[in-house]
Amino acid sequence: MCGGNSSSLTPGFFILNGVPGLEAAHTWIALPFCFMYIIAVLGNCGLIYLISHEDALHRPMYYFLALLSFTDVTLCTTTVPNMLCIFWFNLKEIDFNACLAQMFFVHTLTWMESGVLMLMALDRYVAICYPLRYSTILTNPVIAKAGLATFLRGVLLILPFTFLTKRLPYCRGNFIPHTYCDHMSVAKVSCGNFKVNAIYGLLAALLIGGFDMFCISVSYTMILRAVVSLSSADARQKAFGTCTSHICAIVITYVPAFFTFFAHRFGGHSIPHHAHIIVANIYLLLPPTMNPIVYGIKTKQIREIMIRFLLGDRLSLVKTNKS
């Protein structure tokens, strides 16, 4: 099991067991996950294509949405194909270093998604509270620097996870009761003291997630104050309308994220392990699946462009026949 120097107690590979206790249902469990993954890839790639090709969508709000879509589709691609191989083909082995790499990308992209949602909240704050200065504040260089800073923040804070996990001795075996290499799931396989991993994970979550939630809360508090002070009911409704899709994205992302995070550390035996694993997978798949649907339905410009893009040729043919 251990590769190289046996005293290092480093396994050559891990075995991902999928969903323990539900092995007989793996084939059926994989079907909705596969369906969600297909929707996520098509929906997010479609949004990126629309935003990159439509001049009307070349605005800060949609640039951030494109960044969110890229993050989402990359995040679910790091886990779902491997998960489907486990469920459908019983291919459970994953190289030790590949497992660490998957763990790094999953957590980096997860926190990057949180950061992008925070940037989108700040974008809505500037758009509603400082509409005349919107284009001068959120310029393309500012957007590029904000996206890069969000990515580097995730990399620098998640990188220690890799080293903290790699240093642990794995003398209990190499079976991970999960569908992908989650930080705490890997650490709990170790026979060493992983308290540092748990503490650092908690601090990183509070530092990144807490900061993002604080910025989002402050942004929407200021937005609410600005909207309530508007004299026109139509203006208030329009302002609220521009925020509803983003609020939905926040709820879809953070609710399962908090459940997964706290279940690992404080759930103990009160939460069935298979329920925790299924929710952890839903947590990675639900935002990428739902975000394109929510933004496609709730955002008027995207909805109109999608309709025109999908029905453009048919509408042109109808107009030609009538003329």
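Residues numbered from 1 in each chain as written. Predicted model: local features only at pLDDT ≥ 70, side-chain atom pairs only at ≥ 80, totals over all residues. Heavy atoms only, no water.

Enquirer: Describe the sheet that holds strand 3 (residues 175–176), with residues and values.
Expert: Taken in spatial order, the three strands make up an open sheet running 2-1-3, and their pairing is mixed. Of all strands in the sheet, those bounded by a partner on one side alone are strand 2 (93–95) and strand 3. Relative to strand 3, strand 1 (residues 13–16) runs parallel, the two being bridged by two bridges. Of the residues in strand 3, the one forming a bridge with leucine 16 is isoleucine 176. Contacting strand 1, strand 2 and strand 3, helix 4 (residues 96–129) crosses the sheet at an angle of about 85 degrees to strand 2. (Pairing = 2+ DSSP bridges. Helix = DSSP H or I, 4+ residues; strand = E, 2+ residues; numbered from the N terminus. Contact = heavy atoms within 4.5 Å. Axes fitted to C-alpha atoms, helices over the stretch in contact; angles between N-to-C directions.)

Enquirer: Before we move on, can you summarise the packing of aromatic side chains with the specific residues and values?
Expert: Centre-to-centre distance and the angle between the planes together describe a pair of aromatic rings. Within this structure, the stated rule accounts for six aromatic pairs. Ring plane angle 90 degrees and centroid distance 5.3 Å describe the contact between phenylalanine 161 and tyrosine 200, whose orientation is recorded as edge-to-face. Highlighted residues: phenylalanine 161 in helix 6 (residues 140–166) and tyrosine 200 in helix 8 (residues 195–228), separated in sequence by 39 residues. Judged by its relative accessible area of 4%, phenylalanine 161 falls in the buried class. Among the aromatic side chains, those forming a connected cluster through ring pairs are Phe14, Phe96 and Tyr170. (Phe/Tyr/Trp six-rings, centres within 6.5 Å; stacked < 30°, edge-to-face > 60°. Buried < 20%, exposed > 50% of the residue type's maximum accessible area, 1.4 Å probe, protein only.)

Enquirer: Just give me the short version of a nonpolar patch on the surface, but keep the residues and values in it.
Expert: A contiguous nonpolar patch, built from Trp28, Leu31, Trp88, Phe89 and Leu91 and spanning about 590 Å² of accessible area, is present on the exposed surface. Counting only elements with at least two residues in the nonpolar patch, the list comes to helix 1 (26–53) and helix 3 (80–89). Judged by its relative accessible area of 41%, leucine 31 is partly exposed. (Patch = residues over 30% accessible without salt bridge, like charges linked within 9 Å, V, L, I, M, F, W, Y side chains within 5 Å. Areas by Shrake-Rupley, 256 points an atom, 1.4 Å probe, with all protein chains shown as cover. Salt bridge = Lys/Arg side-chain N within 4 Å of Asp/Glu carboxyl O.)

The values reported here are purely geometric and, on their own, carry no functional implication.
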